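Commentary on secondary and tertiary structure
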Amino acid sequence: KILKKKMIIDNYSWSNRLLIMITDEGENKLEKCVKEFFAQYEFEIKERKLKLLHFFVNELPIKELPPVMHTKKGIWLIGYDGSIKAYSEDTRLLISLFELIDSMPMRREELSCR
């Protein structure tokens, strides 16, 4: 029996959506913009059960992310199911983030249950 290596994102499956940010250490522009976005839209982020995880390219924990993320810098949107929903190298993903999440079937279900 082959055991699948447990990944960091497995800890959040079915309870949170994730925004994973991967940068070089000292690369402050993307990091600053994403953190400002999270501060500015705190209510909207909490309502969508979105968590931010930040990793540096050369950090060991990055090996616990899907292999496609090991060498790419940027931001990744991960759905409840642990799959990658969107990626951008810069802040472009933030522009459509809420719209993208709100179009997901599980989010539409969450909204209809209110």
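Starting afresh in each chain, residues are numbered from 1 along the sequence in its written order. The model is predicted, so local features are restricted to residues of pLDDT at least 70 and side-chain atom pairs to those at 80 or more, both for listing and for counting; the totals for chains, interfaces and linings are taken over all residues. Side-chain figures throughout are based on the complete set of non-hydrogen atoms in the structure, without hydrogens or water.

On to the overall build of the protein chain, then. Only DSSP runs of H or I reaching four residues or more are called helices, and only runs of E reaching two or more are called strands; each is numbered from the N terminus. Scanning the protein chain from N- to C-terminus turns up four helices and four strands. Written out in order from the N terminus, the α and β elements of the protein chain read β-α-α-β-β-β-α-α. Dimensions of the protein chain along its principal axes, counting C-alpha atoms only, are 45 × 40 × 15 Å. Only protein chains enter the area calculation, which uses a 1.4 Å probe; residues under 20% of their type maximum are buried, those over 50% are exposed, and those in between are partly exposed. Counting the 114 residues in the protein chain, one finds 37% classified as buried. Accessible surface for the protein chain amounts to roughly 7,200 Å². Of this, 55% is attributable to carbon and sulfur atoms. Positive: Lys, Arg. Negative: Asp, Glu. His and the chain ends are not part of the count. The atom standing in for a charge is NZ when the residue is Lys, CZ when it is Arg, CG when it is Asp and CD when it is Glu. Charged side chains in the protein chain number 20 positive and 18 negative. The centres of these two groups are separated by 4 Å. Surface accessibility follows the Shrake-Rupley procedure with a 1.4 Å probe radius. Residue values consider only the protein chains on display as shielding.

Attention shifts here to the sheet that holds strand β4 (residues 84-88). DSSP-based pairing: two strands are paired if at least 2 bridges between them are found. Reading across the sheet, the four strands line up as β2-β1-β3-β4 and stay open at both edges, with mixed pairing between neighbours. Two strands lie at the open edges of the sheet, namely β2 (50-56) and β4, each paired on one side alone. Neighbour-to-neighbour, the strand axes of the sheet open up by a mean angle of 20°, direction not taken into account. Taken together, the five bridges between strand β1 (residues 17-23) and strand β3 (residues 74-78) define a ladder with antiparallel strand orientation. Only the stretch in contact is used when fitting a helix axis, every axis being a line fitted to C-alpha atoms; angles between N-to-C directions are given from 0 to 180 degrees.

Another aspect to go through is the pairing of β3. With five of five residues buried, β3 is to be regarded as a mostly interior element. Where β3 and β4 come together, four bridges link them in antiparallel fashion. The partner of Ile75 across the bridge, within β4, is Ser88. Linking β3 back to β4 in an antiparallel pair, the connection comprises five residues, with Gly82 at a positive phi of about 85°.

By size, the foremost hydrophobic cluster in this structure holds 17 residues, and its most contacted members are Leu19, Val34, Leu50, Leu77 and Leu97. Elements with a minimum of two residues in this core: β1, α1 (28-40), β3 and α3 (92-102). Among the elements that make up this core, the one with the highest residue count is α3 (five residues). For the purposes of this section, nonpolar cores are sets of buried Ala, Val, Leu, Ile, Met, Phe, Trp, Tyr and Cys residues that join through side-chain atoms within 4.5 Å. Formed by 13 residues, the second largest nonpolar core is a distinct cluster that contains Leu18, Phe55, Ile62 and Met69.

Counting through the fold element by element, Ser88 comes out in strand β4. N or O atoms within 3.5 Å of each other form a polar contact, as long as, within protein, one can give a hydrogen and the other can take it, and as long as residues adjacent in sequence are counted only when both atoms are side-chain atoms. Here the side chain of Ser88 touches Leu93 through a polar contact of 3.2 Å, landing on its backbone nitrogen. Once residues within four sequence positions are removed from consideration, Ser88 is found in contact with Gly74, Ile75 and Leu93. Note on contacts: a residue pair is in contact if any heavy atoms of the two residues lie within 4.5 Å.

Bringing unusual backbone geometry into the picture now. The backbone of Trp14 sits at a positive phi, close to 65°, despite the residue not being glycine. We classify Trp14 as exposed; its relative accessible area is 56%. Here the phi dihedral of Lys49 falls at roughly 50°; this positive angle occurs in a residue that is not glycine. With respect to the helices and strands, the residue Lys49 is situated in the loop between α2 (42-47) and β2. Its relative accessible area of 41% is what places Lys49 among the partly exposed residues.

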